[in-house]
Amino acid sequence: MIELQHLEKRFGESLAVQDLNLIFPDGELTALLGPSGCGKTTTLRMINRLIEPSGGQVLLNGQDTRALKPEALRRGIGYVIQQVGLFPHLNVAQNVATVPDLLGRDRRATAARVDELLDLVGLDPDTFRHKRPGELSGGQAQRVGVARALAADPPVLLMDEPFGALDPLARDRLQDAFRDIQRRLRKTVVMVTHDIDEALRLGDRVALMNAGRLEQFGTPDDLIHRPVSDFVRQFLGEDAALRQLAGQPVGQFMAPLPSGPSPALPAVAVEATLNARSALGVLLREGTDRLTVTRDGQPVGTVGWQDLRSPGTERP
Ligand SMILES: Nc1ncnc2c1ncn2[C@@H]1O[C@H](COP(=O)(O)OP(=O)(O)OP(=O)(O)O)[C@@H](O)[C@H]1O
């Protein structure tokens, strides 16, 4: 668990971060969201002490990070940035193995781990192991960056606009891949983004900052349906709820079929993997109030307006 207590950063006369109190829960992804210049990156970099706080403290599993050597601290915290910063003269495998090598881990075990990680981020090891960073697309390089950050198996991962430089298609793909990875690995992730959709899509929780202060901390649902201020409402925009739906499969919102004999099902069916916003579109277009939800063509549940307003309990 990472805890920020009265954290503050002063640059000359101006306060970039002020009296920030936040807990990043273990195993969850928290998105640090907010307009440009609100202090997101400064906050992130105070966690691994790339920036030293002017006041307050950061606790990592209860320990004040000032008590740790910055290098030792950073070895236990993966860090992914937008300009991946791969070493151009090293190949992909060597780049991913940087930290395990530094830690003196067994070579053969590291090579196996590199292949496993390349697989995990969706790069075929045989194709990519020996490529140089200059031979990769932006999306591929970013995947290598993620694999490298995971290589030492750090419990904590800090990510600064990790998908920001990618075209929308590559960004979507990598966000999906990363969401799957995070479901499996359950790292404690803090991700800086100014992209509202990304925060709502990937964040278990969202910390929305405004001018160096925390405006609201909560689940995406909290921010959308229970905004604490006009700033939150305006920053997310009126269509926030719709945009959140776009990032989630309709299967997450359905009411499962009761066991026993099948009841009469709505005539129009959609697959559970369809995004919930499109399912809403189908409801509107067909002028009906419920849809059947299928998996591989088999009915598994039904979904209606009310279900799409608030996520059901069936989240995977
Ligand atoms: N090294 C520095 N010296 C002086 N001021 C700085 C420095 N780093 C950041 N700032 C200022 O602190 C404030 C917060 O910057 P920060 O980079 O944390 O914002 P951000 O929310 O990450 O913004 P963006 O989304 O644009 O990256 C800004 O006003 C910025 O100009």
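Not measured: the values here are computed from a predicted model.

Colleague: Tell me about the sheet that holds strand 6 (residues 77–81), and name the residues and values.
Modeller: The strand order 6-7-8-3-9-10 describes an open sheet built from six strands, whose pairing is mixed. Pairing within the sheet leaves two strands with one partner each, and these edge strands are strand 6 and strand 10 (213–218). Averaged over all neighbouring strand pairs, the angle between strand axes comes to 15°, with direction disregarded. When strand 9 (residues 205–210) meets strand 10, the two strands line up antiparallel, connected through five bridges. Paired with M209 across the strands is L214, a residue of strand 10. Sheet strands touched by helix 1 (residues 40–47): strand 3 (29–33), strand 7 (156–160), strand 8 (188–193) and strand 9. Its angle to strand 8, the strand with the most contacts, is close to 150°.

Colleague: Talk me through helix 5 (residues 107–120); I want residue IDs and the actual numbers.
Modeller: Here helix 5 spans 20 Å end to end across 14 residues, near enough to the 20 Å set by a 1.5 Å rise per residue. Turning to helix 5, its buried residues are T110, R113, V114, L117 and L118. Here the buried residues of helix 5 occupy an arc of 135° about the axis, which is enough to place them on one side. Facing away from the buried surface of helix 5 by more than 90 degrees, the exposed residues are R108, A109, A112 and D119. Looking at the buried positions of helix 5, the neighbouring elements they touch are helix 3 (92–96), helix 4 (98–102), helix 6 (125–128) and helix 7 (138–150). After helix 5 finishes, the residue G122 shows a positive phi value of roughly 85°.

Colleague: Describe the environment of A72, with residues and values.
Modeller: Relative to the helices and strands, A72 is located in helix 2 (residues 70–75). Separated by 24 residues in sequence, A72 and N48 place their C-alpha atoms 9.9 Å apart.

Colleague: Quick one: what's the story with the sheet that holds strand 14 (residues 298–304), residue by residue and with numbers?
Modeller: In space, the four strands of this open sheet follow the order 11-14-13-12, with mixed pairing throughout. With one partner strand each, in any of the chains shown, strand 11 (255–256) and strand 12 (269–271) form the two edges of the open sheet. When strand 13 (residues 290–295) meets strand 14, the two strands line up antiparallel, connected through six bridges. Opposite T294, over in strand 14, you have P299 as the bridge partner. Against the sheet, helix 13 (residues 276–286) engages strand 12, strand 13 and strand 14, with an angle of about 135° to strand 13.

Colleague: Give me the lowdown on the site of the ligand, citing residues and values where you can.
Modeller: Lining the immediate surroundings of the ligand are F11, A16, G34, S36, G37, C38, G39, K40, T41, T42 and H194. The element best represented in the shell around the ligand is helix 1, accounting for three residues. Considering only residue class, the shell around the ligand consists of three nonpolar, seven polar and one charged.

Colleague: Can you lay out the nonpolar core for me, pointing to particular residues and giving the numbers?
Modeller: Judged by nonpolar contacts, the single largest core of 65 residues is most densely connected at L32, V96, A147, L158 and M191. At six residues, helix 7 tops the list of elements feeding residues into this core. Residues in contact with V96, not counting those within four places in the same chain, are V114, L117, L118, V144, A147, R148 and A151. Core analysis: the second largest hydrophobic core is formed by 14 residues, L245, V270, A272 and L308 among them.

Colleague: Would you mind going over the pairing of strand 1 (residues 2–11) in detail, with residue names and values included?
Modeller: Within a regular strand, side chains alternate between the sheet's two faces. Pairing geometry for strand 1 and strand 4 (residues 55–60), over five bridges, is antiparallel. Bridging across to strand 4, L4 finds its partner in V58. In this sheet, strand 2 (residues 14–24) lies alongside strand 1 in antiparallel orientation, the contact comprising seven bridges. Paired with L4 across the strands is L22, a residue of strand 2. Between the end of strand 1 and the start of strand 2, which pair antiparallel, lie two residues, with G12 showing a positive phi angle near 60°.

Colleague: So, the packing of helix 7 against helix 8 (residues 168–185): which residues are in play, and what are the values?
Modeller: Where helix 7 meets helix 8, the axes come as close as 10 Å, and the angle between the chain directions of the two elements is 20°. Here helix 7 lies roughly parallel to helix 8, going by the angle between them. Two packed elements cross with a definite hand, and for helix 7 against helix 8 that hand is right-handed. Residues G138, G139, Q142, R143 and V146 of helix 7 touch helix 8, and the partners they reach there are A170, R173, L174 and F178. Looking at side-chain class alone, the contact of helix 7 with helix 8 contains four nonpolar, three polar and two charged residues.

Calculation rules
Residues numbered from 1 in each chain as written. Predicted model: local features only at pLDDT ≥ 70, side-chain atom pairs only at ≥ 80, totals over all residues. Pairing = 2+ DSSP bridges. Helix = DSSP H or I, 4+ residues; strand = E, 2+ residues; numbered from the N terminus. Axes fitted to C-alpha atoms, helices over the stretch in contact; angles between N-to-C directions. Contact = placed C-beta atoms within 7 Å. Expected span 1.5 Å × (residues − 1). Buried ≥ 20, exposed ≤ 12 C-beta atoms within 10 Å, placed from the backbone. Arc of directions from axis to C-beta. Near = placed C-beta within 6 Å. Nonpolar A, V, L, I, M, F, W, Y, C, P; charged D, E, K, R; others polar. Core = buried A, V, L, I, M, F, W, Y, C linked by C-beta atoms within 7 Å. Parallel < 35°, antiparallel > 145°, perpendicular 65-115°, else oblique. Left-handed = near helix turned anticlockwise from the far one by under 90°.

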